[in-house]
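# Summary of the model geometry
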Amino acid sequence: MFQEERLLKIMDYLQRHRTMSVKEICSMFDVSRDTARRDIVRLIQEGAAIRTHGGIALPELRKELTSYQERRISHPDHKRRIGEAAAKLIHDHETIILDVSTTVQCVAEQMTAKHITAVTHSIDNAGVLSNREDVQIYVLGGYLNAKHRFLYGPSIVDKLKDIRSDKAIIGASAIGKDGLYYPYEEDVRVKQEMARRSDQVIVVADFTKFSENSLFRLDFAYVDVLITDQAIPEEFQDVFERHEIAVIQANKAEGGNSDESQDHL
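Residues numbered from 1 in each chain as written. Predicted model: local features only at pLDDT ≥ 70, side-chain atom pairs only at ≥ 80, totals over all residues. Heavy atoms only, no water.

For the rest of this paragraph, the subject is the sheet that holds strand β1 (residues 19–21). Neighbouring strands of a sheet are bound in pairs by backbone hydrogen bonds; such pairs are parallel or else antiparallel. Spatial ordering of the open sheet is given by β1-β3-β2, a layout of three strands whose pairing is antiparallel. Edge positions in the open sheet fall to β1 and β2 (50–52), since each of these has one partner strand only. Pairs of neighbouring strands in the sheet enclose a mean axial angle of 30°, with direction left out of account. Relative to strand β3 (residues 55–57), β2 runs antiparallel, the two being bridged by three bridges. Residue pairing across strands places Thr52 opposite Gly55, the latter belonging to β3. (Pairing = 2+ DSSP bridges. Helix = DSSP H or I, 4+ residues; strand = E, 2+ residues; numbered from the N terminus. Axes fitted to C-alpha atoms, helices over the stretch in contact; angles between N-to-C directions.)

A few words on the packing of aromatic side chains. Counted under the stated rule, the structure contains six aromatic pairs. An aromatic cluster is built from Phe207, Phe210, Phe220, Phe236 and Phe240, whose rings are joined through pairwise contacts. The side chain of Lys191 reaches across the aromatic face of Tyr182, ending 4.7 Å from its centre. (Phe/Tyr/Trp six-rings, centres within 6.5 Å; stacked < 30°, edge-to-face > 60°. Lys NZ or Arg CZ within 6 Å of the ring centre and 35° of its normal.)

Attention now moves to the sheet that holds strand β13 (residues 216–218). Taken in spatial order, the three strands of this open sheet run β10-β11-β13, and their pairing is antiparallel. At either end of the open sheet lies a strand with only one pairing partner, and these are β10 (174–176) and β13. Adjacent strand axes in the sheet meet at a mean angle of 35°, parallel and antiparallel pairs treated alike. Direction of pairing for strand β11 (residues 179–182) relative to β13: antiparallel, over a ladder of three bridges. In the strand pairing of β13, Leu180 is matched with Leu218.

Once that is clear, we can look at the pattern of salt bridges. On inspection of all chains with the given rule, the structure shows 15 salt bridges. One salt bridge connects Asp77 with Arg80, and the closest N-O pair in it is separated by 2.4 Å. Of this pair, Asp77 and Arg80 are both found in helix α5 (residues 76–87), three residues apart, which corresponds to roughly one turn of the helix. Residue classification places Asp77 among the partly exposed positions, given a relative accessible area of 27%. Across the pair Lys167 and Glu94 runs a salt bridge whose closest N-O atoms are separated by 2.7 Å. (Salt bridge = Lys/Arg side-chain N within 4 Å of Asp/Glu carboxyl O. Buried < 20%, exposed > 50% of the residue type's maximum accessible area, 1.4 Å probe, protein only.)

Another aspect to go through is helix α6 (residues 102–110). In terms of burial, α6 is largely enclosed, as seven of its nine residues are buried. Of the residues making up α6, those classed as buried are Thr102, Thr103, Val104, Gln105, Cys106, Val107 and Ala108. Measuring from the backbone nitrogen of Thr103 back to the side-chain oxygen at the start of α6 gives 3.1 Å, which picks out Ser101 as the cap. (Polar contact = N/O pair within 3.5 Å; in protein donor to acceptor, adjacent residues only side chain to side chain.)

This paragraph deals with the nonpolar core. Membership of the largest hydrophobic core comes to 33 residues, with the highest contact counts inside it found for Ile170, Ile175, Leu180, Val203, Leu226 and Phe240. Only α8 (154–160), β9 (165–170), β11, α9 (185–196), β12 (198–204), β13 and α10 (234–242) provide two or more residues apiece to this core. The greatest single-element share of this core, amounting to four residues, is contributed by α9. (Core = buried A, V, L, I, M, F, W, Y, C linked by side-chain atoms within 4.5 Å.)

Written out as structure tokens, the structure reads:
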């Protein structure tokens, strides 16, 4: 049986049972554990399933994996303010890397810097910036994840290794005391390479990310600046000071917007 046919049957099983283990895949299709794991990786990369302990499950079982469009309309004002604050840190003639994130898209929408080069694997970021004649766009190619609107695959990291940028703007699915968290292991590898290729790494994340959970960790050592929309929880202040991470709080001021930095900026 070809992998494509097997994947369709796995998805049919998930629709009926919600979860499926590696052992069940091996038994149902008479394949090795290595083959079962390759099937699981493929489904996770395509956004069709999420990893669980010992197998996979449907994405709707996890709040963090709601569709890109659903996340795009949640807390729009908060994300817009964060985007404005981050956009102010981007200067003319810089090269920037833009991650896949609804909040990062707000940065792309608010940028006023001229003659920049933008590197991204986000379909929406590329679309937003395509309306600007003074912006050069380099799209990192790969396989298309239509649900979450980005390109993925080993070629993304390979291409990033040939790039040098002034700034990387990345998002986060969750923020813990030991780092940023993401639903996919590949997310962390891509963001690590973005950080390595950039002089400064700016994380844009709304306050709700402090109460979220996710699976794979990106160490705070990769982060220089965090921009959020409310004062960070008190228990995180020492953590950011220890890692020398500047925190910017994007506040809505009377009659307009203003950005207030935390004491340790």
